[in-house]
Amino acid sequence: DLTGQIMDDKCASKEVLETAAKKSLYEKKREEFSKEKGNLRRGMGMAFFFHGAAFTGSGEDRIKGQAGFRLGPDGTFTVLTACTDMGQGAHTTLAQMFYEEINHPAGKCQVQLPNTSKTPNSGPTVASRTIYIIGNMLRRFAGEIIKELDCNNLEDYVLANPQVFPKEFRTNFRADDSVIFDDEKYVGIAYKDYSWAACVTEIYYHADTYQIELKKNWSVIDIGKVVNDTIARGQAEGGILQGLGYGTTEFFYKKGFGRMHGFTDYTLPTTLDIPDMHVEFIHTDSEIAKGLGEVPMDFPAPSVRNAFLHATGIKVDEYPLIPERIFNIIKN
């Protein structure tokens, strides 16, 4: 890539592209739709994307994120992290990564709401890093604690030694010595792990009204181990819809255009605008969970643009593809 990093056998670019094409019948439909004329035209567009997890290069080593947990005398543990759950289910997933690693009862697991007086500094909740950095850190730490306490079952150990608890355990991010990055020259391994994604969007273009109608979307994503399929799927579908909205309806006010004076006229997709969505995760047998947060919203808009290009032969390189913009491009 741009930093000189060589992608190894972990690169899933070809696999996500081929899977998305196969699932959507991309080539067959492209050929079929290319023959259509008239005011209603169908188009197929593909987009590909890869996203490095967490901060670039030595960023995480500089942040030195911390996390930990508190064990109570009844065997209940509380995950301690500053990572915010914005509604995407991060806290549920973080607890799950911990208790599954040591086979602890799920009912005795919880997460402390971020509070500077109670939780360590885990770093910012950005950059698709929460599960990748903090979650994997907690998973590793859980195994280390079992070894440190020299026990096979953490709950049994706590109940047998109640006088020792409550007790807190904390850990810091540890940089991988194999990740070498030159901050001055901006070369080296930018990210140890990447998430990969490809999607295909099928549209109807109404030539009489200059309107794009979203029909179907197929997205194939490699985020490695999927800790909680329901939460990951919800994050993916929500992000994909956000990306489709960015490509078709949403934009901030630009001088001279006359739209977006406030959130009252910020046009979000509604239930009537949502296409038939298909999400598939691959490489789920991987040992590591990679970043998902921002990934789903980064590729849908280009796929819409490419579907419109296929349907009309018209290149539009600015979002959103609203009827007014399409009309002005065609007329001018």
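Computed from a prediction, not measured in an experiment: that's the story for all the values here.

Conventions used here
- Note that residues are indexed from 1 along each chain, following the sequence as it is written.
- In keeping with the model being predicted, local features are shown solely for residues with a pLDDT of at least 70 and side-chain atom pairs are shown and tallied solely at 80 or more, while totals for entire chains, interfaces and linings include all residues.
- Side-chain numbers come from the whole structure's heavy atoms, not from hydrogens or water.
- Numbering of helices and strands runs from the N terminus; a helix is a DSSP stretch of H or I covering at least four residues, while a strand is a stretch of E covering at least two.
- Each residue gets one of three labels from its accessible area relative to the maximum for its type: buried under 20%, exposed over 50%, partly exposed in between, using a 1.4 Å probe on protein chains only.
- Whether two residues are in contact is decided by their heavy atoms: any pair within 4.5 Å suffices.
- As used in this record, nonpolar core signifies buried Ala, Val, Leu, Ile, Met, Phe, Trp, Tyr and Cys residues forming a set joined through side-chain atoms within 4.5 Å.
- Two strands qualify as a pair provided DSSP detects at least 2 bridges between them.
- Note on method: axes are straight lines fitted to C-alpha atoms, helices fitted across the in-contact stretch only, with angles between N-to-C directions ranging 0 to 180 degrees.
- Paired rings are identified among Phe, Tyr and Trp, the last through its six-membered ring, by centres lying within 6.5 Å, and are further divided according to the angle between planes into stacked (under 30 degrees), edge-to-face (over 60) and tilted (the rest).
- The term salt bridge refers to a pairing of a side-chain nitrogen on Lys or Arg with a carboxyl oxygen on Asp or Glu at a separation within 4 Å.
- Put simply, the grid is 1 Å and covers the protein atoms alone, a cavity is a trapped set of points that fit a 1.4 Å probe, a pocket is an open set with protein on both sides within 12 Å along at least five of seven lines, and lining residues have an atom within 4 Å of a point.
- Grid points are joined across faces, edges and corners, and a volume is the space filled by probe spheres set on the points.
- Only Asp, Glu, Lys and Arg are considered charged, only Ala, Val, Leu, Ile, Met, Phe, Trp, Tyr, Cys and Pro nonpolar, and every remaining residue, Gly among them, polar.

Q: How would you summarise the overall build of the chain if you had to cite specific residues and measurements?
A: What the chain contains, in helices and strands, is nine helices and ten strands. With respect to the three principal axes, the spread of C-alpha positions in the chain is 80 × 45 × 40 Å. A burial count over the chain gives 47% of its 332 residues as buried. A fraction of 78% describes how many contacts in the chain between residues 6 or more apart in sequence connect residues 24 or more apart.

Q: Break down the nonpolar core for me, with residues and values.
A: Of all hydrophobic cores here, the largest spans 34 residues; its most connected members are Phe 69, Leu 71, Phe 77 and Ile 134. Counting residues per element, the ones that place at least two in this core are strand S2 (66–71), strand S3 (77–80), helix H4 (90–102), strand S4 (109–111), helix H5 (130–149) and helix H6 (154–160). A total of eleven residues in this core trace back to one element, the largest contributor, which is H5.

Q: Residues and numbers for the sheet that holds S3, please.
A: With mixed pairing, the four strands of this open sheet are ordered in space as S4-S3-S2-S5. This sheet does not close on itself; its edge strands, each paired only once, are S4 and strand S5 (167–172). Taking the axes of each pair of neighbouring strands and ignoring which way they run, one obtains an average angle of 20° across the sheet. As paired elements, S2 and S3 share four bridges and run antiparallel to each other. Its bridge partner being in S3, Leu 71 is matched across the sheet by Phe 77.

Q: Go over the packing of aromatic side chains with me, naming the residues and quoting the values.
A: Evaluation of the coordinates by the stated rule reveals 16 aromatic pairs. An angle of 85° between the planes, with centres 5.2 Å apart, marks the rings of Tyr 205 and Phe 308 as edge-to-face. Of this pair, Tyr 205 sits in strand S8 (residues 194–206) while Phe 308 sits in helix H8 (residues 300–312); the two residues are 103 residues apart in sequence, bridging distant segments of the chain. Each of the two residues, Tyr 205 as well as Phe 308, counts as buried. Through pairs of rings, three or more aromatic residues link up here, namely Phe 48, Phe 50, Tyr 191, Tyr 194 and Trp 196.

Q: Which residues make up the pattern of salt bridges, and what are the values?
A: Across all of its chains, the model carries 19 salt bridges by this definition. Across the pair Glu 60 and Arg 129 runs a salt bridge, and its minimum N-O distance is 2.8 Å. Placement of Glu 60 in helix H3 (residues 59–63) and of Arg 129 in the loop between S4 and H5 is noted, with a sequence separation of 69 residues between them. Of the residues examined, Arg 129 reaches a relative accessible area of 0% and is grouped as buried. Of the charged contacts in the structure, one is a salt bridge between Asp 229 and Arg 233, with a shortest N-O distance of 3.2 Å. Of this pair, Asp 229 and Arg 233 both sit in helix H7 (residues 229–248), four residues apart, roughly one helical turn. Of the residues examined, Arg 233 reaches a relative accessible area of 26% and is grouped as partly exposed.

Q: Explain the layout of surface pockets to me, and be specific about the residues and the numbers.
A: Roughly 580 Å³ of internal volume is contained in the largest pocket. Looking at the largest pocket, it is lined by 25 residues, and the ones nearest its centre are Tyr 132, Phe 173, Arg 174, Asp 176 and Lys 192. Per-element tally for the lining of the largest pocket: the top contributor is H5, with five residues. Looking at side-chain class alone, the lining of the largest pocket contains 15 nonpolar, three polar and seven charged residues.

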